Amino acid sequence: MTTYQADGWTALGDPTRRAIFERLAAHPRAVGELAADLPVSRPAVSQHLKVLKAAGLVVDRPAGNRRIYQVDPDGVAALRAQLDRFWTDALAAYKAAAEQPTEEIP
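Anyway, here's the lowdown on the structure attached to this text. Bear in mind that the values here come from a model prediction, so they are computed numbers and not experimental data.

Structural notes on the pattern of salt bridges
- Counting across every chain of the model gives six salt bridges.
- With a shortest N-O distance of 3.9 Å, E33 and R66 are connected by a salt bridge. Here E33, found in helix 3 (residues 31-36), pairs with R66, found in strand 3 (residues 66-71); they are 33 residues apart in sequence, far enough to count as distant.
- By relative accessible area, which is 34% here, E33 ends up partly exposed.
- We classify R66 as partly exposed; its relative accessible area is 42%.
- Put simply, K53 and D60 hold a salt bridge, and the shortest N to O gap is 2.7 Å.
- Its relative accessible area of 41% is what places K53 among the partly exposed residues.

Quick look at the structure:
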């Protein structure tokens, strides 16, 4: 059996996982509800949810004989913090490059 260790960005790199994540962002859902809207089987949706959960992007809770999945706000906040750091660094590098003196060509 293969185990998956994924960070949030890697997990969202797969189009099916991204679609599942987007649906969960709208509201919590069970595996069956997700599978009904997607062109993949319930077991495939379960595997994708396993990866999203391992990446810290979704959490689940029992509801009778089903599990309800929802977006984990802490996981989304961690992605946002990484993106903010990247953007801040990129802007700082751009500012430094723009402020470099240029030599005039005769």
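Once the structure has been displayed, the description carries forward.
Considering the side chain of R29
- Looking at the secondary structure, you find R29 in strand 1 (residues 29-30).
- Among the polar contacts made by the side chain of R29, one reaches the main-chain carbonyl oxygen of R23 at a distance of 3.4 Å.
- For R29, the side chain forms a polar contact with the side chain of D37, separated by 2.9 Å.
- When sequence neighbours within four positions are dropped, the list of residues in contact with R29 reads R23, L24, L34, D37, R67, I68 and Y69.

The rules behind the values
Residues numbered from 1 in each chain as written. Predicted model: local features only at pLDDT ≥ 70, side-chain atom pairs only at ≥ 80, totals over all residues. Heavy atoms only, no water. Salt bridge = Lys/Arg side-chain N within 4 Å of Asp/Glu carboxyl O. Helix = DSSP H or I, 4+ residues; strand = E, 2+ residues; numbered from the N terminus. Buried < 20%, exposed > 50% of the residue type's maximum accessible area, 1.4 Å probe, protein only. Polar contact = N/O pair within 3.5 Å; in protein donor to acceptor, adjacent residues only side chain to side chain. Contact = heavy atoms within 4.5 Å.

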